[in-house]
Amino acid sequence: MNKKGLPSLNRYGIILLFVFLCMALIPSFFSQYDPDERFMAYEDPSSKHLLGTNDIGNDIFTELIYGTRISLTVGFASAIIATFIGLVIGLTSGYYRGNVDEILMGFTDVVLMIPKIPLIIILAAFLRPGIWILILVLGVLSWESIARVVRSKTLQIRETGFVMSARCMGFSPFHIMSSDIIPNLTHVVAPKFMLATAAAMISEASLSFIGLGDPSVKSWGVMISFAFTKGGFIREMWWWYLPPGICITLAVISIALIGFSFEKGKQTVKIE
């Protein structure tokens, strides 16, 4: 680890993610067209349309730019839900121990054994297709590893002197967990959050490719699905299906690199 900063690979991850965030927040800066604007269908790449047009005449490059917001929203929103659930269960289990620990960790073990991909496919097919339904499903089914890591770290922190002193002084469990324990969980929660984001983006792309995404909002996964079903593969229009695949790969790599940088960072317990 370079003491003066992140390793070069992690720096590249931050730069890549920053570019994708800019694309998501200010898409009009990168594309001059509206995503619903139509031109001649199946046009080849040109100076006017950098990645050509699709089957209904939409500019593919514009779709790619605006799809960034959808893909990143699914990833980060699902990770927020998963991290919140995992943090609450892991923190409660590790702090109270005893019967509470056994019940919560037993429930976590049961959820951990459930095959996720088939269940996600069934729920996505059964529920009404929608981006927020997909976010909720991915978030609710991805918290177990976060809970186990948080519990393990909480068991260590609760035995430190400053936590024991806070208990002796009569502070409530909620105050101790929120003020003394949670701030010292950042270095274990942050990498899990980033990796959960990457996993959610991959899951969304996979579900969208098999037709279980929300067709009304074009994420990168939906773009690949449309390219497959609307003749992009048959016509060998690589400029339709390859760019969103590359974007998914680069976004996931950038997020994973940032997550790994948190994991390799200095892991210390802050005594207050």
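Residues numbered from 1 in each chain as written. Predicted model: local features only at pLDDT ≥ 70, side-chain atom pairs only at ≥ 80, totals over all residues. Heavy atoms only, no water.

K.L.:
Even after reading the chapter, I still don't get the environment of Ala-199, so can you show me in this structure?
P.N.:
Locating Ala-199 in the fold gives a position in helix H10 (residues 186-209). Between the alpha carbons of Ala-199 and Trp-220 there is a distance of 15 Å; along the sequence they are 21 residues apart. (Helix = DSSP H or I, 4+ residues; strand = E, 2+ residues; numbered from the N terminus.)

K.L.:
Looking at this structure, I do not really get the pattern of salt bridges. What am I missing?
P.N.:
Pairs can form between side chains of opposite charge whenever their charged atoms are close. Under the criterion given, the structure shown has five salt bridges. Between Glu-63 and Lys-218 there is a salt bridge, with the nearest N and O atoms lying 2.5 Å from each other. Of this pair, Glu-63 sits in helix H3 (residues 60-96) while Lys-218 sits in the loop between H10 and helix H11 (220-229), and the two are 155 residues apart along the sequence. Linking Arg-158 and Glu-159 is a salt bridge whose minimum nitrogen-to-oxygen distance equals 2.8 Å. Look at the salt bridges and you will find they share partners, linking Arg-97, Arg-158 and Glu-159 into a network. (Salt bridge = Lys/Arg side-chain N within 4 Å of Asp/Glu carboxyl O.)

K.L.:
What's the story with H11 in this structure? I'm lost.
P.N.:
Working note: α-helix, 3.6 residues per turn, so residues spaced by three or four point in the same direction. Most of H11 sits inside the fold, with seven of its 10 residues counted as buried. For H11, the complete set of buried residues consists of Trp-220, Gly-221, Val-222, Met-223, Ile-224, Ser-225 and Ala-227. Once H11 ends, the next one or two residues include Gly-231, with phi positive near 95°. (Buried < 20%, exposed > 50% of the residue type's maximum accessible area, 1.4 Å probe, protein only.)

K.L.:
Just to check I follow, could you spell out the layout of surface pockets for this structure?
P.N.:
To find leftover empty space, one rolls a probe the size of a water molecule over the atoms. Looking at the largest pocket, its volume works out to about 230 Å³. Lining the largest pocket are Pro-35, Asp-36, Arg-38, Ile-56, Asn-58, Glu-63, Tyr-66, Gly-67, Ile-70, Ser-216, Val-217 and Lys-218. Tallied by class, the residues present in the lining of the largest pocket amount to five nonpolar, three polar and four charged. Empty space within the second largest pocket amounts to approximately 170 Å³. (1 Å grid on protein atoms, 1.4 Å probe; cavity = no way out; pocket = protein on both sides within 12 Å on 5 of 7 lines; lining within 4 Å. Points joined across faces, edges and corners; volume = space filled by probe spheres on them. Nonpolar A, V, L, I, M, F, W, Y, C, P; charged D, E, K, R; others polar.)

K.L.:
Is there a simple way to explain the nonpolar core in this structure?
P.N.:
Nonpolar side chains in soluble globular proteins generally cluster together in the buried interior. Phe-20, Ile-60, Leu-64, Met-201, Trp-220, Ile-248 and Ile-255 are the most contacted members of the largest nonpolar core, which has 26 residues in total. Residue assignment for this core shows that the elements contributing at least two residues are helix H1 (8-25), H3, H10, H11 and helix H12 (238-263). Broken down by element, this core gets its largest block of residues, eight residues, from H12. With 21 residues, the next largest nonpolar core counts Ala-82, Ala-166, Val-188 and Val-189 among its residues. (Core = buried A, V, L, I, M, F, W, Y, C linked by side-chain atoms within 4.5 Å.)

K.L.:
How should the packing of aromatic side chains be read in this particular structure?
P.N.:
Each aromatic ring pair is described using two quantities: the centre-to-centre distance and the angle formed by the ring planes. Considering all chains together, one arrives at 10 aromatic pairs under this definition. Consider the rings of Tyr-33 and Phe-39, whose centres lie 4.8 Å apart with planes at 65°: the pair is edge-to-face. Taking 4.2 Å as the distance between ring centres and 10° as the angle between the ring planes, the aromatic pair formed by Phe-233 and Tyr-241 counts as stacked. Above the face of the Tyr-95 ring, Arg-158 is positioned so that its terminal group lies 5.3 Å from the ring centre. The ring of Tyr-42 carries Arg-235 above its face, with NZ or CZ at 3.7 Å from the centroid. (Phe/Tyr/Trp six-rings, centres within 6.5 Å; stacked < 30°, edge-to-face > 60°. Lys NZ or Arg CZ within 6 Å of the ring centre and 35° of its normal.)

K.L.:
Teacher, can you tell me more about helix H6 (residues 131-140) here?
P.N.:
Within the span of H6, buried status applies to Ile-131, Leu-134, Ile-135, Val-137, Leu-138 and Gly-139. Elements that come into contact with the buried residues of H6 comprise H3, helix H5 (116-126) and H10. (Contact = heavy atoms within 4.5 Å.)

K.L.:
Help me out: how do you make sense of the side chain of Ser-225 in this one?
P.N.:
If you trace the backbone, Ser-225 turns up in helix H11. Judged by relative accessible area, which is 6%, Ser-225 ranks as buried. Setting aside its immediate chain neighbours within four residues, Ser-225 contacts Ser-208, Phe-209 and Gly-211.

K.L.:
Explanation requested: the side chain of Thr-154 in the structure shown.
P.N.:
Mapped onto the fold, Thr-154 is located in helix H7 (residues 144-157). Those residues within four positions of Thr-154 in sequence are excluded, and the remaining contacts are Gly-90, Leu-91, Gly-94, Tyr-95, Ile-181 and Leu-185.

K.L.:
When you look at the confidence of the model for the protein in this model, what are you seeing that I'm missing?
P.N.:
Keep in mind that low pLDDT regions are not for reading the predicted coordinates in detail. The share of residues in the protein with pLDDT of 70 or more is 92%, and the mean pLDDT across the chain is 85. Of all the helices and strands in the protein, H5 carries the lowest mean pLDDT, 77, while H3 carries the highest, 93. pLDDT under 50 marks residues 1-5. Its contacts with residues more than four places away, or in other chains, come to four contacts. Between residues 266-272, whose pLDDT stays under 50, and residues either more than four places distant or in other chains, the model counts 11 contacts. (pLDDT = per-residue confidence, 0-100.)

K.L.:
Sorry, what's going on with the environment of Val-252 here?
P.N.:
Tracing the chain through its elements places Val-252 in helix H12. It is 10.0 Å that separates the C-alpha atoms of Val-252 and Leu-16, two residues lying 236 residues apart in sequence. Excluding residues that lie within four positions of it along the chain, Val-252 makes contacts with Ala-198, Met-201 and Ile-202.

K.L.:
How should a nonpolar patch on the surface be read in this particular structure?
P.N.:
Residues Ile-117, Ile-121, Phe-209, Ile-210, Phe-228 and Phe-233 make up a contiguous nonpolar surface patch of about 540 Å² in total accessible area. Tracing the sequence through the fold places Ile-117 in helix H5. Exposure remark for Ile-117: the relative accessible area of 53% places this residue in the exposed category. (Patch = residues over 30% accessible without salt bridge, like charges linked within 9 Å, V, L, I, M, F, W, Y side chains within 5 Å. Areas by Shrake-Rupley, 256 points an atom, 1.4 Å probe, with all protein chains shown as cover.)

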